[in-house]
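Given next are the chains, with one letter for each unit.
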Amino acid sequence: MPYSLDKLLVIGISSRALFNLEVEEAIFQDQGLDAYRQHQLAHENEILKPGAGFALVKALLKLNQLTADKRLVEVVIMSRNSSETSLRIFNSIAHYGLDISRAVLAGGASLSSYLQAFNVSLFLSLHEDDVQAAINAGVAAALLYQLAENVVDLEQIRIAFDGDAVIFSDEAEKIYQSQGIEAFEQHERENAKKPLPEGPFARLLIALSYIQNNFKAPDGRALPLRTALVTARSSPAHERVIRTLRAWNIAIDETFFMGGVNKSAVLAAFKPHMFFDDQHGHCVHASSVVPTGRVPYKQD
């Protein structure tokens, strides 16, 4: 029987998101493909430093240690590199002991058409075109920001999400952007008992909730994974969020209704392996304290 990825949490990550390849990216941009190729071949035995998505991938792979005979997570390297220039990536994977055996090496081609083929649940990259194409195809995806210097290696997996346009659809966000805060609050009051539509990360959150519910301590708390919602919403727009999560049968561990206050201090205290937000300004601030990914809006 062929190996199936259907019931697994599959993380697709670009090589540049997993490892720090900024020097190599600069060579490619400034000197071209041939210079990049020569550099990678000459340095293929030099181990790369961790990149912006390294902490999250390392943490998620630990979920496979929860059961002896069942994997929960697969990670697939999805790179525009060719196989010829990829040995340095695989050498670095082996050096850090990452349980990754699958890869897409597209030789410069777009990666979006391979996301469904590998049943990718979450795609992480520093290449904006690939992230946008993934979102357009209905796959949860984020453009990662440069790595925060003070990332803490915690045993417990911690992931934080913004609400609108990330977990939930951008329906309410569009009203806020086009009509202002008063129209947004009025709309949310009128629709408080109507669950919000799913956003690009809703299915990922549901999958994480399934893992939480199946691996709990005797006191009922989720052992391997902790989630947080860090949203700019405040009262009266809080009720619809609470009722939506209740309708989805999801219990987020920590929820912060920020009411427009800068999210960075709360994120620094929560210490997530990754924070997902749709606003560039929020991401810039957050990326100074925690690993951060921006979720672009779907384009029709």
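Note that the structure is predicted; figures quoted are calculated from it, not measured.

(A) Up close: the packing of helix α7 (residues 171-179) against helix α8 (residues 181-190). Relative orientation of the contacting elements α7 and α8 amounts to 150 degrees, with a least axis distance of 7 Å. Considering their axes alone, α7 and α8 lie roughly antiparallel with respect to each other. Judged by residue contacts, E171, A172, I175, Y176 and Q179 of α7 engage I181, A183, F184, H187 and E188 from α8. Grouping the constituent residues of the contact of α7 with α8 by class yields 6 nonpolar, 2 polar and 2 charged.

(B) Main features of the packing of helix α2 (residues 22-31) against helix α3 (residues 33-42). Two elements in contact, α2 and α3, have axes separated by 7 Å at closest approach and are oriented at 150 degrees. Here α2 lies roughly antiparallel to α3, going by the angle between them. For the pair formed by α2 and α3, the contact residues are E24, I27, F28 and Q31 on the first element and L33, A35, Y36, H39 and Q40 on the second.

(C) Focus on the environment of I250. Tracing the sequence through the fold places I250 in the loop between α10 (238-247) and β8 (254-257). Among the residues examined, I250 registers a relative accessible area of 9% and is labelled buried. Each C-alpha atom, one on I250 and one on A207, is 10.0 Å from the other, the two residues being 43 residues apart in sequence. Setting aside anything within four residues of it in sequence, one finds I250 in contact with L205, I206, S209 and L245.

(D) Up close: the side chain of S169. Looking at the element boundaries, S169 is found in the loop between β6 (157-161) and α7. In this view, S169 contacts D164, P197, E198 and G199; residues no more than four positions away in its chain are not counted.

(E) Quick look at unusual backbone geometry. The omega angle of the peptide bond from S235 to P236 is 15 degrees, so this bond is cis rather than trans. Within the secondary structure, P236 is located in the loop between β7 (225-231) and α10. Phi is positive for N249, which is not a glycine, with a value near 60 degrees. You can see N249 is positioned in the loop between α10 and β8. Accessibility expressed as a relative area gives 63% for N249, which makes it exposed.

(F) Expanded view of the nonpolar core. Among the nonpolar cores identified, the biggest contains 70 residues, and L18, F161, F201 and F276 are the most heavily contacted of them. For this core, the element with the highest residue contribution is helix α4 (residues 54-61), accounting for 6 residues. Other than its neighbours up to four places away in sequence, L18 contacts I13, P50, G51, F54, V57, I77, I93, L98 and I100.

(G) Structural detail: helix α9 (residues 202-214). Between its terminal C-alpha atoms α9 stretches 19 Å, which fits the 18 Å expected from 13 residues at 1.5 Å a residue. Buried within α9 we find A202, L204, L205, L208, S209, I211 and Q212. In this structure, the buried residues of α9 make contact with β1 (9-13), β4 (122-125), β6, β7 and α10.

(H) Structural detail: the pairing of strand β9 (residues 274-277). Residue alternation in β9 divides its side chains into two sets, M274 and F276 and F275 and D277, and both sets are buried. Relative to β9, β6 runs parallel, the two sharing 3 bridges. When the bridges of β9 are listed, F161 appears paired with F276. Traced from β9 through helix α12 (residues 280-286) to strand β10 (residues 292-294), the parallel crossover comes out right-handed.

(I) Looking closely at the packing of aromatic side chains. Inspection of every chain in the model, using the stated rule, returns 9 aromatic pairs. Centre to centre, the rings of F54 and Y96 are 5.0 Å apart; their planes meet at 70 degrees, and the pair counts as edge-to-face. With F54 in helix α4 and Y96 in the loop between α5 (87-95) and β3 (102-105), this pair connects stretches of sequence that are 42 residues apart. Relative accessible area serves as the criterion here: at 9%, F54 is assigned to the buried category. Among the residues examined, Y96 registers a relative accessible area of 28% and is labelled partly exposed. Ring centres 6.3 Å apart and planes at 65 degrees place the aromatic pair F161 and F201 in the edge-to-face group. In this pair, F161 sits in strand β6 while F201 sits in the loop between α8 and α9, placing the two residues 40 residues apart along the sequence. Classification of F161 by relative accessible area gives buried; the value is 0%. A relative accessible area of 0% means that F201 is categorised as buried.

(J) Fine view of the sheet that holds strand β5 (residues 140-144). In spatial order, the strands read β3-β2-β1-β4-β5-β10-β9-β6-β7-β8; together these 10 strands make up an open sheet with mixed pairing. Pairing within the sheet leaves two strands with one partner each, and these edge strands are β3 and β8. Averaged over neighbouring strand pairs, the angle between their axes works out to 25 degrees when direction is ignored. Pairing geometry for β7 and β8, over 4 bridges, is parallel. Looking across to β8, one finds that T231 is bridged to F257. Set on the sheet, α9 makes contact with β1, β4, β6 and β7; between it and β7 the angle comes to about 145 degrees.

Each value, and the rule that gives it
- As a convention, each chain's residues are numbered from 1 in the sequence order in which they are written.
- With the structure being a predicted model, the display of local features is reserved for residues of pLDDT at least 70 and the display and counting of side-chain atom pairs for 80 or more, all residues being used for whole-chain, interface and lining totals.
- Working from all heavy atoms in the structure, the side-chain values ignore hydrogens and water.
- All axes here are fitted lines through C-alpha atoms, helices being fitted over the stretch that makes contact, and every angle between N-to-C directions spans 0 to 180 degrees.
- By definition, any uninterrupted DSSP run of H or I lasting at least four residues is a helix, any uninterrupted run of E lasting at least two residues is a strand, and each is numbered from the N terminus.
- Orientation labels follow simple angle bins: below 35 degrees gives roughly parallel, above 145 gives roughly antiparallel, 65 to 115 gives roughly perpendicular, and whatever is left gives oblique.
- Contacts between residues were defined by any pair of non-hydrogen atoms, one from each residue, lying within 4.5 Å.
- Polar here means any residue outside two lists: the nonpolar Ala, Val, Leu, Ile, Met, Phe, Trp, Tyr, Cys and Pro, and the charged Asp, Glu, Lys and Arg; Gly therefore counts as polar.
- Using a 1.4 Å probe on the protein chains alone, a residue whose accessible area is under 20% of its type maximum counts as buried, one over 50% counts as exposed, and one in between counts as partly exposed.
- Residues belong to one nonpolar core when they are buried, are Ala, Val, Leu, Ile, Met, Phe, Trp, Tyr or Cys, and are joined through side-chain atoms within 4.5 Å.
- Multiplying 1.5 Å by the helix residue count minus one yields the expected span of that helix.
- We call two strands paired when DSSP finds no fewer than two bridges between them.
- Looking down the strands as they point away from the viewer, one classifies a crossover as right-handed if the path from the first strand across the helix to the second runs clockwise.
- Side-chain rings of Phe, Tyr and Trp, where Trp is taken by its six-membered ring, are said to pair if the distance between their centres is within 6.5 Å; with planes under 30 degrees apart they count as stacked, over 60 as edge-to-face, and otherwise as tilted.

Limitation: the analysis is restricted to geometry and does not speak to function.
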